[in-house]
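Working through the structure, step by step
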Amino acid sequence: MTITLAVPSKGRLEELTREWFAANGLTITRPGGARSYLGAIDGYPEITVRFFPASEIARELIRGTIDFGVTGRDLIHETAEAGPDAVLFAKSLDFGEADVVVAVPEAWIDVTHMHDLADVASDFRSRHGRWLRVATKYITITRQHFARAGIAEYRIVESLGATEAAPASGVADIIVDITTTGSTLAANALRVLDDGVLLHSQACLLVARNAPWTPDRKQQRDAVLAKLGISPPPQTIG
């Protein structure tokens with residue numbers, strides 16, 4: 001019986017994840033090289049390592065087809081509305097930090113808070129003959145937070161490229177995007193609303209609540225967590 005750990009398959013996130021595990025006594029190897037999706041942990045044959053894109057890790061954790069995974073908090077929230085309830089956030093890893101934010105053009109000097117944006121959205125159709133357009137890759141997060149803010153009269157423009165360029169190009173009026181320093185937003189004459197941070201995100205180690213947690217696999221899971229200095233999850237998991 002094995003435990004499956006999914007880690008990011010490439011880039012800086014893979015590098016930092018492997019460094020974090022190594023610093024905590026678990027060295028991840030990739031015997032097949034950078035193109036292989038199968039890995040291992042030295043000295044722990046009961047742990048199978050899979051290398052997946054971060055978004056796929058979020059999806060499979062929520063489904064319960066993998067046991068552990070490292071991915072961004074934002075991806076768990078974005079992948080499914082019930083995503084956060086389907087996983088246990090075992091530990092924040094202190095890298096990959098970024099915020100999902102609402103940003104508006106600098107020229108909108110009277111729009112500083114979400115309630116101002118609600119007023120703009122309600123007036124937009126009568127003034128411009130169309131709904132407010134919001135460019136974003138974060139459709140689930142946008143809909144949830146806009147609903148909480150009482151903003152209903154808007155249309156999402158799904159962004160497949162540089163979201164921050166959408167207002168200047170006329171594709172959208174405002175954006176919801178992820179940012180670390182805000183410098184790219186500023187370079188595109190955008191600013192974050194004073195209460196426009198929708199989610200603080202970073203890389204996290206997560207446990208799938210919906211995985212098939214037999215008594216033996218629970219023992220393996222808890223042993224891995226103990227090795228990482230993490231308390232075992234509540235008995236309600238598995």
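Below you will find a few notes about this structure. In this text the structure is predicted, and so the values were computed from the model without any measurement.

Cut-off values and rules
- Residues numbered from 1 in each chain as written.
- Predicted model: local features only at pLDDT ≥ 70, side-chain atom pairs only at ≥ 80, totals over all residues.
- Heavy atoms only, no water.
- Buried < 20%, exposed > 50% of the residue type's maximum accessible area, 1.4 Å probe, protein only.
- Helix = DSSP H or I, 4+ residues; strand = E, 2+ residues; numbered from the N terminus.
- Salt bridge = Lys/Arg side-chain N within 4 Å of Asp/Glu carboxyl O.
- 1 Å grid on protein atoms, 1.4 Å probe; cavity = no way out; pocket = protein on both sides within 12 Å on 5 of 7 lines; lining within 4 Å.
- Points joined across faces, edges and corners; volume = space filled by probe spheres on them.
- Nonpolar A, V, L, I, M, F, W, Y, C, P; charged D, E, K, R; others polar.
- Pairing = 2+ DSSP bridges.
- Contact = heavy atoms within 4.5 Å.
- Axes fitted to C-alpha atoms, helices over the stretch in contact; angles between N-to-C directions.

Bringing helix α5 (residues 139-148) into the picture now. Counting buried positions along α5 yields seven of 10 residues, so the element is predominantly enclosed. Of the residues making up α5, those classed as buried are Ile139, Thr140, Ile141, Thr142, Gln144, His145 and Phe146. Gly150 sits one or two residues past α5 and shows a positive phi near 75 degrees.

Now for the pattern of salt bridges. Pairing of side chains with opposite charge becomes possible as their charged atoms draw close. Taken as a whole and judged by the stated rule, the model has 11 salt bridges. Its salt-bridge partner being Glu60, residue Arg63 comes within 3.1 Å of it at the nearest N-O pair. Taken together, the positions of Arg63 and Glu60, both in helix α2 (residues 54-63) and three residues apart, correspond to about one turn of that helix. Look at Arg63 and you get exposed, because its relative accessible area is 53%. The class for Glu60 is buried, based on a relative accessible area of 11%. A salt bridge links Arg217 to Asp67, with the shortest nitrogen-to-oxygen separation between them at 2.4 Å.

Glancing now at the layout of surface pockets. Roughly 280 Å³ of internal volume is contained in the largest pocket. If you go around the largest pocket, you meet 16 residues; those closest to its centre are Leu13, Gly72, Asp74, Leu75 and Gly96. Taken together, the elements giving at least two residues each to the lining of the largest pocket come down to α2, β5 (68-72) and α3 (73-79). The residue makeup of the lining of the largest pocket, split by class, is eight nonpolar, six polar and two charged.

The sheet built from seven strands is open, its strands ordered β2-β3-β4-β1-β5-β12-β6 with mixed pairing. A single partner strand is all that each edge strand has here, and the edge strands are β2 (28-29) and β6 (87-92). When β5 meets strand β12 (residues 203-208), the two strands line up antiparallel, connected through five bridges. Its bridge partner lying in β12, Val70 is registered against Leu205. Lying over the sheet, helix α1 (residues 11-23) contacts β1 (3-8), β2, β4 (47-52), β5, β6 and β12, oriented at roughly 135 degrees with respect to β1.

Attention now moves to the pairing of strand β7 (residues 98-105). Judged by how many residues are buried, β7 sits mostly within the fold: seven of eight residues are covered. For β7 and strand β11 (residues 190-201), the ladder comprises seven bridges, and the chain directions are antiparallel. Paired with Asp99 across the two strands is His200, which belongs to β11. Across five bridges, the pairing between β7 and strand β10 (residues 174-179) is antiparallel. Across the sheet, Ala103 pairs through a bridge with Ile175, a residue of β10.

This brings us to the pairing of β1. The buried fraction of β1 is high, at six of six residues. Pairing of β1 with β4 involves six bridges; the strand directions are parallel. Across the sheet, residue Val7 finds its bridge partner in β4, namely Phe51. With two bridges joining them, β1 and β5 adopt parallel strand pairing. Paired with Leu5 across the strands is Phe68, a residue of β5.

Spatially, the five strands line up as an open sheet ordered β9-β8-β10-β7-β11, and their pairing is mixed. The open sheet has two free edges, formed respectively by β9 (154-158) and β11, since each of these has just one partner strand. Taking the axes of each pair of neighbouring strands and ignoring which way they run, one obtains an average angle of 25 degrees across the sheet. Relative to strand β8 (residues 132-136), helix α4 (residues 114-128) is tilted by about 125 degrees, and along the sheet it contacts β7, β8, β10 and β11. Against the sheet, α5 engages β7, β8, β9, β10 and β11, with an angle of about 165 degrees to β9.

Purely geometric stuff here, so don't read any function into it on its own.
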